[in-house]
Amino acid sequence: MTPPVAATATVAGVDGCRAGWIAVIRRPGAALDAAVFAHLADLVDSLDAQAVIAVDMPIGLPERVGHGGRGPERLVREKLGARQSSVFSIPSRAAVFAEADAFTTVDAWHAAHRRASVVARATSEPPRAISIQAFGIFPKIRELDALLRARPGLCERVIESHPEAAFWRLNGERAMQTPKKVKGSVNPEGMEERKALLEACGIDRAFLDAAPPRGAGADDYLDAAAMMLIAARHSAGEALPFPDPPGRDGWGLPIAIWT
């Protein structure tokens, strides 16, 4: 099991949630804090200029993708056993940006998914459509991508991670045994397994048992806490990227999942 990393810098773990983005923030000498931000830029601007932020959202969008997504997805899936289905395959930049308008009906949303899948098939080898789950996070991928392209310096301290890959690393490179959710509902056994691990990694149990901020789910809350620990590892020079070294997309954004 991974020992706690000493708190020497501000770090934040971030996960997308119903109301925007939930962040678990650790500042030197202060208690952990959790808050929901409507926009990712608001979170970044609320922290000091050296804060390291690990976010559960893809960074770096290639023009074409191969089997299993961009590359990092395939590499971390190999580590996760039964939890590997939580790692979505992310398609090309063109597919992610193919349908950027807001949708007012479910039918319009599904039609947009079908059109974006046409683009995804044309920019992947072998041709692959987009999963409904991946399509659902495209607006947040675009928000993060726009922020990093507008502020290139952020790429040095805003990194991509993934909750199940984070739990794998924190658990001595052993995947979690139980899912966080079953048929769309929170699974108490899976949540307890993750709380026990996070507590062993130095997070106070009272913090883990607290209600998440309004607009975030209980699973989002724990995922953000795990992301925070990966941000701490990165700040200390102890995080590992998949692949190593990270790739780069056409905008120079890194393509790697850090653990």
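Our subject in this report is the structure included herewith. Model, not experiment: these values are computed from the prediction.

Section: the nonpolar core
Point 1. Val-14, Leu-43, Val-55, Ile-130, Leu-144, Leu-148 and Val-158 are the most contacted members of the largest nonpolar core, which totals 34 residues.
Point 2. Elements with a minimum of two residues in this core: strand E1 (11-17), strand E2 (20-26), helix H1 (40-46), strand E4 (52-56), helix H3 (93-96), helix H4 (106-122), helix H5 (132-136) and helix H6 (138-150).
Point 3. Per-element tally for this core: the top contributor is H6, with 5 residues.
Point 4. The contact partners of Val-158, leaving out residues within four places of it in the chain, are Ile-53, Val-55, Ile-59, Leu-144 and Leu-148.
Point 5. In terms of nonpolar packing, the next biggest core, distinct from the first, is built from 33 residues, Val-52, Cys-201, Phe-207 and Ala-232 among them.

A short note on the side chain of Arg-83
Point 1. Positionally, Arg-83 belongs in the loop between helix H2 (72-80) and H3.
Point 2. Put simply, Arg-83 is tucked away with no salt bridge, and the nearest opposite charge, on Glu-164, sits 4.9 Å away.
Point 3. For Arg-83, the residues in contact, after removing those within four places along its chain, are Glu-164, Met-176, Gln-177, Thr-178, Pro-179 and Arg-194.

Description of the packing of aromatic side chains
A ring pair, where both rings are aromatic, is described by two values, the distance of the centres and the angle of the planes.
Point 1. Throughout the structure, instances matching the rule amount to 4 aromatic pairs.
Point 2. Taken together, a centroid distance of 5.1 Å and an interplanar angle of 65 degrees make the contact between Trp-109 and Phe-135 edge-to-face. Linking Trp-109 in helix H4 with Phe-135 in helix H5, this pair joins segments that are 26 residues apart in sequence.
Point 3. Assessed through its relative accessible area of 3%, Phe-135 is described here as buried.
Point 4. Measuring from centroid to centroid gives 6.0 Å for Trp-168 and Phe-242, while their planes differ by 70 degrees, and the two rings are edge-to-face. Taken together, the residues Trp-168 in helix H7 (residues 163-170) and Phe-242 in strand E8 (residues 241-248) connect sequence positions 74 residues apart.
Point 5. According to the relative accessible area criterion, Phe-242 is buried, its value standing at 15%.
Point 6. Members of the aromatic cluster, each reached through a chain of ring pairs, are Trp-109, Phe-135 and Phe-138.
Point 7. Across the ring face of Trp-21, the terminal group of Lys-140 is positioned such that the distance to the ring centre comes to 5.7 Å.
Point 8. For the cation-ring pair, Arg-149 lies above Trp-251, with the distance from its terminal atom to the ring centre recorded as 4.6 Å.

Section: helix H10 (residues 218-235)
Quick reminder: α-helices carry 3.6 residues per turn. Residues three or four places apart thus point the same way.
Point 1. The first and last C-alpha atoms of H10 sit 26 Å apart over 18 residues, in line with the 26 Å expected at 1.5 Å per residue.
Point 2. Across the 18 residues that make up H10, a large majority, 15, are buried.
Point 3. The positive-phi residue at the C-terminal boundary of H10 is Gly-237, with phi of around 75 degrees.

Observations concerning the side chain of Asp-223
Point 1. Of note, Asp-223 is situated in helix H10.
Point 2. With residues near it in sequence (within four places) discarded, Asp-223 still touches Asp-15, Pro-163, Phe-167 and Lys-180.

Comments concerning the sheet that holds E2
Point 1. Pairing in this open sheet of 5 strands is mixed, and the strands run E3-E2-E1-E4-E5 from one edge to the other. Of all strands in the sheet, those bounded by a partner on one side alone are strand E3 (33-37) and strand E5 (158-160). Strand-to-strand twist in this sheet, taken as the mean axis angle between neighbours without regard to direction, amounts to 25 degrees.
Point 2. Here E1 runs beside E2; their pairing, made up of 7 bridges, is antiparallel.

Examining the pattern of salt bridges
Point 1. Overall, the coordinates contain 17 salt bridges when judged by the stated rule.
Point 2. Taking the shortest distance from any N to any O, the salt bridge between Glu-160 and Arg-70 comes out at 2.7 Å. One end of the pair, Glu-160, is in strand E5; the other, Arg-70, is in the loop between E4 and H2, and 90 residues separate them in sequence. The pair formed by Glu-160 and Arg-70 is uniform in burial state, with each residue classed as buried.
Point 3. Of the charged contacts, one joins Arg-205 and Glu-199 as a salt bridge, the two residues approaching to 3.7 Å between their closest N and O atoms.
Point 4. The class of Arg-205 is partly exposed, set by a relative accessible area of 23%.
Point 5. Each of Glu-164, Lys-180, Glu-193, Arg-194 and Asp-223 takes part in a single network of salt bridges with overlapping partners.

What counts as what
Residues numbered from 1 in each chain as written. Predicted model: local features only at pLDDT ≥ 70, side-chain atom pairs only at ≥ 80, totals over all residues. Heavy atoms only, no water. Core = buried A, V, L, I, M, F, W, Y, C linked by side-chain atoms within 4.5 Å. Buried < 20%, exposed > 50% of the residue type's maximum accessible area, 1.4 Å probe, protein only. Helix = DSSP H or I, 4+ residues; strand = E, 2+ residues; numbered from the N terminus. Contact = heavy atoms within 4.5 Å. Lys, Arg positive; Asp, Glu negative; His and termini not counted. Salt bridge = Lys/Arg side-chain N within 4 Å of Asp/Glu carboxyl O. Phe/Tyr/Trp six-rings, centres within 6.5 Å; stacked < 30°, edge-to-face > 60°. Lys NZ or Arg CZ within 6 Å of the ring centre and 35° of its normal. Expected span 1.5 Å × (residues − 1). Pairing = 2+ DSSP bridges. Axes fitted to C-alpha atoms, helices over the stretch in contact; angles between N-to-C directions.

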